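Overview (structure and organization)
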Amino acid sequence: MPSSRFNSAARAIALCGVFALPAAPASALNILLCNDDGITAANLRALKTKLVAAGHSVAVAAPIDNQSGRGGYIAFLTPIGALTGKERGAVALGLAAGTPGVGVDAGDADVSYVNGTPVAACLYGVDVLAKKKWGGAPDLVISGPNEGNNTGAINASSGTFNNLVYMINRGLPAMAVSDATTTQVTWSGALPASHRVYEVAGIVVKLVDTLIANKAKAGGLLMPDGVGLNVNVPDFSAGAGAALPYRFTRIGKASSYLPAFYEKLSDSPLAVASGVNFPVPGISLATGGTVLPSGVTLPKDTAATSEDNVIATKTAVTISPVEGVPQARRAFEDAMKIKLNGIAQ
């Protein structure tokens, strides 16, 4: 077996072993939380609360504003600007215009914000915050839970998912978590313990505890080197979160929506429903199989193992192993060498 295939197989075996046994009581980890919805997103703060209650040391580094859909965007060599006071987090926390673009939530010293993209905020957490708090890198990075699922082809546009990719490439154990509910809920300590955000947090804590419990089976590592997890929580009835099973899936191409360019946004049903009923060009979203006004048909993935198709059944939390560097498999490399024979060495 070629070495690349052996490594892939070994990683798959290790990951299967990770989730083979019920979770044991957690040992303490240093955990960095980041997201793309902002520091006042209830999903994020509920997860912090649950992880701390489980005995972990947790720090948050997240955007001050909702930065959904920014993907892996980074503004290189661009100074972080002061707040305008209109950002989602600034409004919730009462931060005035002119407040420094990097700061701390006055109500929680372990929650930091960055007036920048999701990846910028997550890198701040790894390169600055973690060093100050723990003296080194975090044991685990969790991006999310996001307000809305991130599955299949749309993952490339997700800040939540791209945080995962950047952290894997930093050599850190990492997972991205996304929840089916898209409603923006602002954090408050007064949210009842029965609120969905706490149920989703419990689903994530169970994953973390299981990873810890099975470290010995995975060669002493929390996760195999170079591999992380894309986790999606389906819609579920109140109180049913803890009973959801977990299922290994593949990223696939299936997604609730795919980005597409419209010469007139008024031709996009989603744009019209969102109040953008204007005959001007722009990008909107549509489902797989949609025939665009240009005649182009968006790809549709019907594979039963694709994460979005499992999420659509509302039967399980999906877990898709992800490699950070998108290197093609050896068989595809060999095929390309044949096609480029005489040009590339």
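Provided above is the structure to which this section pertains.
A short tour of the structure in this document, coming up. (Residues numbered from 1 in each chain as written. Predicted model: local features only at pLDDT ≥ 70, side-chain atom pairs only at ≥ 80, totals over all residues. Heavy atoms only, no water.)

**Details of the overall build of the protein**
- Secondary structure assignment for the protein yields 9 helices and 11 strands.
- What you see for the protein is a C-alpha radius of gyration of 21 Å, in line with the 20 Å of a compact globule of 345 residues.
- Projected onto the principal axes, the alpha-carbon positions of the protein cover approximately 60 × 60 × 45 Å.
- The buried share of the protein, reckoned over its 345 residues, is 45%.
- A separation threshold of at least 6 residues defines the contact pool for the protein, and within that pool the share at least 24 residues apart is 75%.
- Considering the protein, the positive charge centre built from 26 side chains and the negative charge centre built from 23 side chains are found 6 Å apart. (Helix = DSSP H or I, 4+ residues; strand = E, 2+ residues; numbered from the N terminus. Rg over C-alpha atoms; globule rule 2.2 N^0.38 Å. Buried < 20%, exposed > 50% of the residue type's maximum accessible area, 1.4 Å probe, protein only. Contact = heavy atoms within 4.5 Å. Lys, Arg positive; Asp, Glu negative; His and termini not counted. Charge placed at Lys NZ, Arg CZ, Asp CG, Glu CD.)

**Regarding the pattern of salt bridges**
- On inspection of all chains with the given rule, the structure shows 9 salt bridges.
- Between D105 and R45 there is a salt bridge; the shortest N-O distance is 2.8 Å. Taken together, the residues D105 in strand β3 (residues 102-105) and R45 in helix α2 (residues 42-53) connect sequence positions 60 residues apart. Both residues of the pair, D105 and R45, belong to the buried class.
- E147 serves as the salt-bridge partner of R88, at 3.1 Å between the closest nitrogen and oxygen. Of the two residues, R88 sits in helix α3 (residues 88-93) while E147 sits in strand β5 (residues 140-147), which places them 59 residues apart along the sequence. For the pair R88 and E147, one class covers both residues: buried.
- Among the charged side chains, a network of salt bridges with common partners joins D179, R196, D235 and K314. (Salt bridge = Lys/Arg side-chain N within 4 Å of Asp/Glu carboxyl O.)

**Considerations on the environment of R247**
- Relative to the assigned elements, R247 resides in strand β8 (residues 246-248).
- Here R247 falls in the partly exposed class, since its relative accessible area comes to 36%.
- Considering only alpha carbons, one finds R247 and T305, 58 residues apart in sequence, at a separation of 9.4 Å.
- Each residue touching R247, except ones within four places of it in the same chain, is listed here: A304, V310, A316, V317, T318 and I319.

**Here we look at the nonpolar core**
- The biggest cluster of nonpolar side chains holds 37 residues, and the ones touching the most others in it are I31, L33, L51, I142, M175 and V208.
- Of all the elements, helix α6 (residues 196-213) adds the most residues to this core, at 9 residues.
- If we ignore the near neighbours within four places in the chain, the residues touching I31 are L51, H56, S57, V58, A59, W134, L140, I142 and V208.
- By size, the runner-up hydrophobic cluster in this structure holds 25 residues, among which are C122, V141, L172 and A174. (Core = buried A, V, L, I, M, F, W, Y, C linked by side-chain atoms within 4.5 Å.)

**A short note on the environment of S320**
- Along the chain, the position of S320 falls in strand β11 (residues 317-323).
- A relative accessible area of 0% places S320 in the buried class.

**Brief notes about the sheet that holds β5**
- If you walk across this open sheet you meet the 9 strands as β3-β4-β2-β1-β5-β6-β7-β11-β8, and the pairing is mixed. Strand pairing shows two members of the sheet lacking a second neighbour, β3 and β8, which therefore form its edges. Mean inter-strand twist for the sheet, computed between neighbouring axes without regard to direction, equals 25°.
- Pairing of β5 with strand β6 (residues 174-179) involves 5 bridges; the strand directions are parallel. Each bridged residue has a counterpart across the sheet, and for S143 the counterpart in β6 is A176. (Pairing = 2+ DSSP bridges. Axes fitted to C-alpha atoms, helices over the stretch in contact; angles between N-to-C directions.)

**Some thoughts on the environment of T181**
- Note on placement: T181 falls in the loop between β6 and α6.
- Take T181: its relative accessible area is 26%, and that puts it in the partly exposed class.
- In this structure the C-alpha to C-alpha distance between T181 and N149, which are 32 residues apart in sequence, comes to 7.6 Å.
- Only 3.0 Å separates the side chain of T181 from the side chain of R196, close enough to count as a polar contact. (Polar contact = N/O pair within 3.5 Å; in protein donor to acceptor, adjacent residues only side chain to side chain.)

**Some points on helix α4 (residues 118-134)**
- The largest bend along α4 reaches roughly 40° and is located at G125.
- Three or more residues of α4 are buried, namely P118, V119, A121, C122, L123, Y124, G125, V126, L129, A130 and W134.
- Buried residues in α4 make contact with β1 (30-34), β2 (57-63), β3, β4 (108-114), β5 and α5 (159-169).
- Just beyond α4, the residue with positive phi is G135, at close to 80°. (Bend = angle between axes of the 7 residues up to and from the residue.)

**Side note on the packing of α4 against α5**
- Direction vectors running N to C along α4 and α5 enclose 40°, while the axes themselves pass 9 Å from each other. With respect to α5, the axis of α4 lies oblique. In this structure, the crossing between α4 and α5 has a hand that is right-handed. For the pair formed by α4 and α5, the contact residues are P118, V119, C122, L123 and V126 on the first element and G159, N162, N163, Y166 and M167 on the second.
- Here the residues of the contact of α4 with α5 are counted per class, giving 7 nonpolar, 3 polar and no charged. (Parallel < 35°, antiparallel > 145°, perpendicular 65-115°, else oblique. Left-handed = near helix turned anticlockwise from the far one by under 90°. Nonpolar A, V, L, I, M, F, W, Y, C, P; charged D, E, K, R; others polar.)

Function cannot be inferred from these measures alone, as they are strictly geometric.
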